[in-house]
Amino acid sequence: MKNDSFGEVKETKFIHAVIPLTFLVCILTYTIRYTQASPHIPIIISGMLAVFIAMFVLKYKWAYLIEGILNTIKSSMEAVLILLVIGMLVGSWIISGVVPTMIFYGLKIISPSIFLPAALILSLIVALTTGNSWSTAATIGIALMGIGAGLGIPPQITAGAIISGAYMGDKLSPLSDTTNLAPAMAGSDIFEHIKAMLYTTIPSFIITIILFIFIGRKYSDIGVDTESLNKIFVVLNQEFNITPLLFIIPLITIVLVVKKVPAIPGLFCGTLIGGVGAVIFQGATVKDFITALQIGYVSNSGNQFVDELLTRGGMNSMMWTVTLIICALFLGGAMERAKMLSAVANKVLSIAKSTGSLILATVFTSIATNILAAEQYLSIVITGRIYKDAYASRNLHPTTLSRVLEDAGTMTSPLIPWNSCGAYMMAALGIAPWIYVPYCFLNLINPIISIIYGYTGFSIRYIDSTKAKKIRFKSIFATNIFGK
């Protein structure tokens, strides 16, 4: 097999990919379960194992591998910069009083029995409007986490409702990057793609909201500790100037996102406006504001709950998350450059003998790519590229593939802590790895429904053989000419 830049290399086989994958699973399980250490080092070690196999078994040159690794990391640098801006935004919105004001009024208005479905629906509306699950978590999500904590609802359950709603809205919004990327990879129309997704997303949403209503009833039976709530109200009023005027700041930020201002400048504008609010409403100094952007806001109210809730934010708070993403991208970049990811996908594809098994293979590959490549976009692009011909050969409509790419690739990305989406949600919402995953009901249910539809044939569309041949021809042409 020819390596265009560095001579002969061996063909990558399934076994070559299985070794670092098996090692990754074993070392991650041991590290997280028995040592409670961070996953960074196990991921880096697994990445180096993949590099050693690529160099000494498959005969790839280091210069060729590192080029691919750096390209993979480079592709996610925008996400890293967004994380840093989000850290500053959180610090800005706390010192300005935006987050405390949202929490204050939220605790007065929302009862525990309706909080979880309300959090789900509010997150859905904001994400559908903005087309961005990350902006949703960074704005309404932060406030909802505080309100949930005040109502006595565990943070992992609140996070599950926020993430479920945010990713449903993101997935169905024509403004979303992934909603445009998936049909582009599959060769379908964006609005046909959205219509196709309704068949799997609406049932997932109905089940999800029923589950959150059921869980919410459990916390309504416990009741709200009125005395503790009153203490929170007193402390918030003592520490901050609580005023509805502060809602103007997140409103302007959301409008900027809706107007398609790019994420980084849009969120940074929200950060600067928060600084103006901090000076005007809270009497903060420029030094106080800059410190909050760098190291976060530190609450010293004397109330343990309020201090734990509001001591957060700042660019420094994102460093754990940023380094985790880079470690994961190192592993994913090495495996993709050495064609290990393709070897796994081709093995799975070889046993897909029916439409149901093909969709199952697509779901599996999307999830595996989310785990290994640590990037939602790569999950959609790589999986779409691998399976496009297979769907066309079965005369399946392109929306079948584009829907599955989103049902699996988009929806499972926040469930993996080292994926850029999962790492972001942990950092923005202030939640620990893994604990929120069982409560992201919509994200867990959606891929399952997609698989069920594949085996039952429900809502699976087909096209005539002439159109299928055209799709295969375009795919072959793109592969030969553009290497895609």
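Our structure's up above, just so we're on the same page.
Residues numbered from 1 in each chain as written. Predicted model: local features only at pLDDT ≥ 70, side-chain atom pairs only at ≥ 80, totals over all residues. Heavy atoms only, no water.

Asker: For this particular structure, what's the right way to read the overall build of the protein?
Answerer: For the protein, the count of helices and strands is 23 helices and 2 strands. Against the 2.2 N^0.38 benchmark of 23 Å for 484 residues, the protein shows a C-alpha radius of gyration of 23 Å, consistent with a compact globule. Put simply, the protein has 484 residues, and 56% of those count as buried. If you take every contact in the protein between residues at least 6 apart in sequence, the share linking residues at least 24 apart comes to 79%. Carbon and sulfur atoms make up 67% of the accessible area of the protein, which amounts to about 20,100 Å² in all. Computed over 32 positive and 22 negative side-chain charges, the inter-centroid distance for the protein is 11 Å. (Helix = DSSP H or I, 4+ residues; strand = E, 2+ residues; numbered from the N terminus. Rg over C-alpha atoms; globule rule 2.2 N^0.38 Å. Buried < 20%, exposed > 50% of the residue type's maximum accessible area, 1.4 Å probe, protein only. Contact = heavy atoms within 4.5 Å. Areas by Shrake-Rupley, 256 points an atom, 1.4 Å probe, with all protein chains shown as cover. Lys, Arg positive; Asp, Glu negative; His and termini not counted. Charge placed at Lys NZ, Arg CZ, Asp CG, Glu CD.)

Asker: What should I look at first to understand the pattern of salt bridges in this one?
Answerer: Side-chain pairs of opposite charge can arise whenever the charged atoms involved come near each other. The full count for this structure, using the stated rule, is 2 salt bridges. With a closest N to O distance of 2.5 Å, Glu 67 and Arg 337 form a salt bridge. Highlighted residues: Glu 67 in helix H3 (residues 62-75) and Arg 337 in helix H16 (residues 319-337), separated in sequence by 270 residues. (Salt bridge = Lys/Arg side-chain N within 4 Å of Asp/Glu carboxyl O.)

Asker: Could you clarify how one ought to interpret a nonpolar patch on the surface in this entry?
Answerer: Residues Leu 198, Ile 202, Ile 206 and Ile 210 make up a contiguous nonpolar surface patch of roughly 330 Å² in combined accessible area. Looking at where Ile 206 falls in the secondary structure, it is placed in helix H10 (residues 190-222). (Patch = residues over 30% accessible without salt bridge, like charges linked within 9 Å, V, L, I, M, F, W, Y side chains within 5 Å.)

Asker: Explain the side chain of Ser 413 here, please?
Answerer: Positionally, Ser 413 belongs in the loop between helix H20 (398-412) and helix H21 (420-429). Judged by its relative accessible area of 0%, Ser 413 falls in the buried class. Looking at Ser 413, its side chain comes within polar contact range of the main-chain oxygen of Thr 410, at 2.8 Å. Residues in contact with Ser 413, not counting those within four places in the same chain, are Tyr 167, Asn 370, Gln 376, Asn 419, Cys 421 and Gly 422. (Polar contact = N/O pair within 3.5 Å; in protein donor to acceptor, adjacent residues only side chain to side chain.)

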